[in-house]
Amino acid sequence: MRILHLLIAAGAMVAFSGAATAQSVTYENGVKKILSERCMGCHGKGAPTLAEFDKDKEGWKKKMKGPRIDDYQNLMILVNGSDAGALMRRLDDGKNTKDGKPGNMYNYLGKNADERAQRLVAMKQWVGNWTLKRRKEMSEGELKSITAAEK
Ligand code: HEC
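Just so it is clear, the model here is predicted, and its values are computed rather than measured.

Enquirer: What's the story with the overall build of the protein chain in this structure? I'm lost.
Expert: Each helix and strand counted, the protein chain has nine helices and zero strands in total. Burial analysis of the protein chain (151 residues in total) assigns 17% to the buried set. Sequence-distant contacts, at least 24 apart, represent 48% of the contacts inside the protein chain between residues at least 6 apart.

Dropping the structure here:
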């Protein structure tokens, strides 16, 4: 009996400290910093809106510019907006896919393998429902479970 109580108490402590220390990742708390550090060279001020980008993908690629994700609204287009899932597909490490290939922006996520892996965990926590589906393949429920809070 005593051991059982101890185990329960220890379990509760772990659960509690986990909840107390885990700061939730939001756009303002974590995501923005990663993107400004690693992505803005090609997705920042001089980059096209998604609409502009879609009109001339090849042209923008040659200029090394991808769609602008320099603020929350622009970023969300690629998370749960008209191009939902694009951010997840590009940043995924490929470990849970059939071909095992990472998305082609995964490499930019951090300066070494450890940093990339850590940041992917943070990005997944932020997105809530990490899916590699395209928008048209997602149900309304799946779209809604993408939380990706701003603050
Ligand atoms: C060296 C330039 C460069 C860097 C750095 C870069 N990207 Fe990109 N990104 C591009 C280019 C060019 C494209 C368009 C070509 C393509 O689709 O691969 C693109 C495409 C994308 C797309 C797909 C957009 C769409 O609608 O098809 C996403 C999402 C993306 N990048 C996210 C990121 C994130 C997040 C980072 C930082 C972790 C990042 N990129 C870093 C150049 C870059």
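Enquirer: In this structure, what is going on with the site of the ligand? I would like to understand it.
Expert: Neighbouring the ligand are 22 residues, the closest being Cys39, Cys42, Gly66, Met105 and Tyr108. For the shell around the ligand, the secondary structure elements donating two or more residues are helix H2 (31-38), helix H3 (40-43) and helix H7 (86-91). By residue number, the principal contributor to the shell around the ligand is H7, which donates four residues. The residue makeup of the shell around the ligand, split by class, is 13 nonpolar, four polar and five charged.

Enquirer: Quick question: what am I supposed to make of the nonpolar core here?
Expert: The tendency in soluble globular proteins is for nonpolar side chains to be buried as a group. Ranked by internal contacts, the top residues of the largest apolar core, which has 17 residues, are Leu78, Val79, Leu87, Leu91, Trp126 and Val127. Taken together, the elements giving at least two residues each to this core come down to H2, H7 and helix H8 (113-127). Sort the elements by how many residues they give to this core and H7 lands first, with four residues. Those residues within four positions of valine 127 in sequence are excluded, and the remaining contacts are Val79, Met88, Ile146 and Ala148.

Enquirer: Sorry if this is basic, but what is going on with unusual backbone geometry here?
Expert: Note: most residues except glycine have negative phi, and most peptide bonds are trans. Notably, methionine 64 is not glycine yet its phi reads approximately 60 degrees, a positive angle. As for its placement among the helices and strands, methionine 64 is situated in the loop between helix H5 (57-62) and helix H6 (72-77). Despite not being glycine, alanine 148 shows a phi value in the positive range, around 45 degrees. Secondary-structure assignment places alanine 148 in the segment after helix H9 (140-144). Alanine 148 gets classed as partly exposed once you count the C-beta atoms within 10 Å, which come to 19.

Enquirer: Help me out: how do you make sense of the environment of isoleucine 146 in this one?
Expert: For isoleucine 146, the position within the fold is in the segment after H9. Through-space distance from the C-alpha of isoleucine 146 to that of valine 127 is 5.4 Å; in sequence the pair is 19 residues apart. If we ignore the near neighbours within four places in the chain, the residues touching isoleucine 146 are Val79, Asn80, Val127, Gly128 and Asn129.

Enquirer: I keep staring at H8 and nothing clicks. Help me out?
Expert: Structural remark: α-helix, 3.6 residues per turn; residues separated by three or four positions point the same way. A rise of 1.5 Å per residue sets the reference length of H8, with its 15 residues, at 21 Å; its end C-alpha atoms lie 21 Å apart and thus fit the reference within 8%. Inspection of H8 places Arg119, Met123, Trp126 and Val127 among the buried residues, and these make up the whole buried set. One side of H8 carries all its buried residues, which in axial view fall inside an arc of 85 degrees. Counted as exposed and oriented over 90 degrees from the buried face of H8: Ala113, Asp114 and Val121. Check the buried side of H8 and you find it contacts H2 and H7. A positive backbone phi angle near 85 degrees is found at glycine 128, which sits one or two residues after H8.

Enquirer: Sorry if this is basic, but what is going on with the environment of lysine 133 here?
Expert: Along the chain, the position of lysine 133 falls in the loop between H8 and H9. In the structure, lysine 133 is positioned 49 residues away from alanine 84 in sequence and 8.2 Å away in space, judged by C-alpha atoms. Apart from residues no more than four positions distant in its own chain, lysine 133 is found in contact with Gly85 and Met138.

Rules of the game
- Residues numbered from 1 in each chain as written.
- Predicted model: local features only at pLDDT ≥ 70, side-chain atom pairs only at ≥ 80, totals over all residues.
- Helix = DSSP H or I, 4+ residues; strand = E, 2+ residues; numbered from the N terminus.
- Buried ≥ 20, exposed ≤ 12 C-beta atoms within 10 Å, placed from the backbone.
- Contact = placed C-beta atoms within 7 Å.
- Near = placed C-beta within 6 Å.
- Nonpolar A, V, L, I, M, F, W, Y, C, P; charged D, E, K, R; others polar.
- Core = buried A, V, L, I, M, F, W, Y, C linked by C-beta atoms within 7 Å.
- Expected span 1.5 Å × (residues − 1).
- Arc of directions from axis to C-beta.

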